[in-house]
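# Summary of structural features
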Amino acid sequence: MNTNLDIIPINKWYKGLAEKPVIIAGPCSAETKEQVLQTAVEISKIPQVKIFRAGIWKPRTRPGSFEGVGTIGLKWLAKVKQKTKLLTAVEVATPEHVKICKQNPESVDILWIGARTTANPFSVQELADALKGLDIPVMIKNPINPDLSLWIGAIERVYNSGINKIAAIHRGFSPFEPTKLRNIPKWEIPIDLKLHFPKLDIINDPSHISGIKKYVSEIAQDALDLNMDGLMIETHINPEKALSDAKQQLKPEELAVLLERIKYRLAENKNPEFISNLEQFRYQIDSIDQQIIELLAHRMLVIEDIGAYKADNNVTIFQLKRWKKIISSRLQLAKDNNVDQNFMRKLLQLVHKESIRKQKNVLKLKNASK
Ligand code: PEP
Ligand code: MN
C-alpha cells in the first residue's frame, strides 16, 4: 500500500496558513447573506482563525430537514472573501458541487468531503474524478463508521486524481448506543491514520464530536494535546436560531474565549535539559517494556509446558474455575497497585486468549504425531 503519498501540508496551501494549529470556524450552514457575513466579520476579529467554513449543500440524515441554500451561498462566500482576510471552505458531496465550485473560484478556496460521503467509495470516486485537473486543497472527514481503511481509501482516491493538497478531518464516529457525546472520538483511529500517512495533517472537529456546546473546549484541548494540526469549530452569530446543529455551535465571542484559554503545547522542545529529562523517562519506559515482553515470553513457555502436560493427562485446556480465580486475584492485585480495573480486565483477556491459542497448537501437534 502506498503510504508515502507526497502530500502538501496545510501550511503550504495558502499564505497566512503558516502557523499551526490551523483554526477553521464558521456556521454549520450558510442560511442567509446577513448570517454569513455577520458571522464572518465577527470571526475575522479573532486572530487565530484563518479559514471560514459554511455548508451550502447539507447532507441531512433524514429528508425534510434544512438541506442548505445551494449555489446562492457561494455569492455570500465571495463577499466574505472581499470583506475579510479569511479563506473559505465548503463541503462537496457530488461531482455537480465540485463543478459549481470550480466555476466560482472567487468564492471557495478549500473543499471538504463529509463523513457520510467518505463512507461510500462510489461517491468518493465520483468526486475524485470530478476533481481531476483542479489545484484546490481538499479535506477529507473520517467516515461515520470507525473504519480506518475507508478513510485511507478516500484519501488515496482523491490523491490519485492528482490532488496533493490534502488534509484529514477527525469528526468522530457514530455510536451504537446513546453516549454523552454525539460522536465517539476513538482517538486511536486518527493516530493510526497519522502513522499510515506521516505527512498528512489532521484537523479535529470538536463540534461534531461534542454535539452540544458544553464539551467543545474539552475535546478541542484533547485534540491539541494529541498534537493534531488544527481545529474546525462550528460558530454562528446566533446559534439558538441556527437551521442545523444549533446545540453545538458557539457564538463568535465564545470561540474567542475558547481559543484564548486553550493550551497550545509544543510538539517538540529543543531545550537540552528537557531533552535529557525526557530521555531518562523514555529509557525507563523502554526498559520496563523489555521486561514485560521477556516476562510474557516466559509465561508463554510455561503455557506450552502446561498445555503438553494437560494433553498427556487428557485434561481440557480451559477450566472455568481456574480462569475465574485468575481474574479475581489479578484484579485485586491491580487494585492494590492502582492499575485501572477495566484496563486490567482487557489485558487479562488478551493474554488468556493467546494462552489458549498456544495450548491448542500444542494439542494439535500432539494429535498429529499420534
Ligand atoms: C458539517 O461539517 O457540517 C457536517 C455535515 O459534518 P459531518 O460530515 O462531519 O457530519
Ligand atoms: Mn454541522
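Residues numbered from 1 in each chain as written. Chains lettered and ligands numbered in written order. Predicted model: local features only at pLDDT ≥ 70, side-chain atom pairs only at ≥ 80, totals over all residues. Heavy atoms only, no water.

## Description of the packing of helix α1 (residues 33-44) against helix α2 (residues 72-83)
Under the convention used in this document: To get an axis, a line is fitted to the C-alpha atoms, and for a helix only the part in contact is used. The angle between two axes follows their N-to-C directions and goes from 0 to 180 degrees. For the purposes of this entry, the term helix denotes a DSSP run of H or I that reaches at least four residues, the term strand denotes a run of E that reaches at least two, and both are numbered from the N terminus. Any angle from 65 to 115 degrees is called roughly perpendicular, while one under 35 is roughly parallel, one over 145 is roughly antiparallel, and all others are oblique. Crossing handedness follows the turn of the near helix against the far one: under a right angle anticlockwise gives a left-handed crossing, and clockwise gives a right-handed one. Two residues qualify as a contact provided that any one of their heavy atoms is within 4.5 Å of a heavy atom in the partner residue.
With their axes 10 Å apart at the nearest point, α1 and α2 run at an angle of 25° to one another. By the criterion of interaxial angle, the relationship of α1 to α2 is roughly parallel. Relative to α2, the crossing made by α1 is right-handed. Residue-level contacts link K33, V36, L37 and A40 of α1 to W76, K79, V80 and K83 of α2.

## Here's the deal with the site of ligand 1
Going by this rule: Whether a residue is near a molecule or strand is decided by its heavy atoms; if any one of them lies within 4 Å of it, the residue is near. For this analysis, a polar contact is any N or O atom pair within 3.5 Å, provided that within protein one partner can donate a hydrogen and the other can accept it, and provided that sequence-adjacent residues contribute only side-chain to side-chain pairs. Basically, the charged four are Asp, Glu, Lys and Arg, the nonpolar ten are Ala, Val, Leu, Ile, Met, Phe, Trp, Tyr, Cys and Pro, and anything else, Gly included, counts as polar.
Surrounding ligand 1, one finds C28, R53, K58, E91, W112, G114, A115, R116, K141, R171, H208 and E234. Within the side chain of R53, an N or O atom sits 2.7 Å from an oxygen atom of ligand 1. Looking at the shell around ligand 1 residue by residue, the class counts come to three nonpolar, two polar and seven charged.

## As for the nonpolar core
Definition in use: Within this scheme, the nonpolar core is defined by two criteria: the residues are buried Ala, Val, Leu, Ile, Met, Phe, Trp, Tyr or Cys, and they are joined through side-chain atoms within 4.5 Å. A 1.4 Å probe rolled over the protein chains alone gives each residue an accessible area, and that area as a share of the maximum for its type sets the label: buried under 20%, exposed over 50%, partly exposed in between.
Membership of the largest hydrophobic core comes to 66 residues, with the highest contact counts inside it found for V49, F52, L131, I140, I155 and L193. Aside from chain neighbours lying at most four places away, what touches I140 is I113, T118, W151, A154, I155, V158, I166, A167, A168 and I169. In terms of nonpolar packing, the next biggest core, distinct from the first, is built from 15 residues, I51, L87, A89 and M139 among them.

## Re the pairing of strand β4 (residues 110-113)
Here is the rule: Note on pairing: DSSP must find at least two bridges between two strands before they are called paired. Looking down the strands as they point away from the viewer, one classifies a crossover as right-handed if the path from the first strand across the helix to the second runs clockwise.
Because side chains alternate across β4, one face comprises the buried residues I110 and W112, and the other comprises L111 and I113, equally buried. With three bridges joining them, strand β3 (residues 87-91) and β4 adopt parallel strand pairing. Along β4, the bridge assignment pairs V90 with L111. Viewed along the sheet, the connection from β3 through helix α3 (residues 95-103) into β4 turns out right-handed. Across three bridges, β4 lies against strand β5 (residues 138-141) in parallel orientation. Along β5, the bridge assignment pairs I113 with I140.

## A look at the pairing of strand β2 (residues 49-53)
Every regular strand shows the same layout, with side chains that alternate between the two sheet faces. Among the five residues of β2, four are classified as buried, and the element is accordingly described as predominantly covered. Across three bridges, the pairing between strand β1 (residues 22-26) and β2 is parallel. In the sheet register, I23 faces β2, and the bridge partner there is V49. In this region the chain leaves β1, passes through α1 and returns to the parallel neighbour β2; the handedness of that crossover is right-handed. Where β2 meets β3, three bridges bridge the pair, whose relative direction is parallel. Paired with R53 across the two strands is A89, which belongs to β3. Tracing the backbone out of β2, into α2 and back to the parallel element β3 gives a crossover that is right-handed.

## Focus on a positive patch on the surface
Defined as follows: Like charges are joined within 9 Å and nonpolar side chains (Val, Leu, Ile, Met, Phe, Trp, Tyr) within 5 Å, but only among residues with over 30% relative accessible area and no salt bridge; these make up the patches. Only the protein chains shown count as covering a residue, and every accessible area follows the Shrake-Rupley method with a 1.4 Å probe. By salt bridge we mean one thing: a side-chain nitrogen of Lys or Arg within 4 Å of a carboxyl oxygen of Asp or Glu. By the counting rule applied here, Lys and Arg register as positive and Asp and Glu as negative, while His and the ends of each chain are not counted. Each charge is placed at NZ for Lys, CZ for Arg, CG for Asp and CD for Glu.
The grouping of R299, K321, R322 and K325 at the surface amounts to a positive patch. Examining the composition of the positive patch, we find that three residues originate from one element, helix α12 (residues 320-336), more than from any other. Turning to its location among the elements, R322 is positioned in helix α12.

## Considerations on the environment of K364
Following the sequence through the fold, K364 ends up in helix α13 (residues 341-368). Its relative accessible area of 57% is what places K364 among the exposed residues.

## Describing the domain arrangement of the protein chain
Counted only if it meets this: As used throughout, domain bounds are those supplied by an automatic or database domain assignment.
One can read the domain layout of the protein chain as domain 1 (10-261) and domain 2 (272-369). On a C-alpha basis, the centres of domain 1 and domain 2 stand 43 Å from each other.

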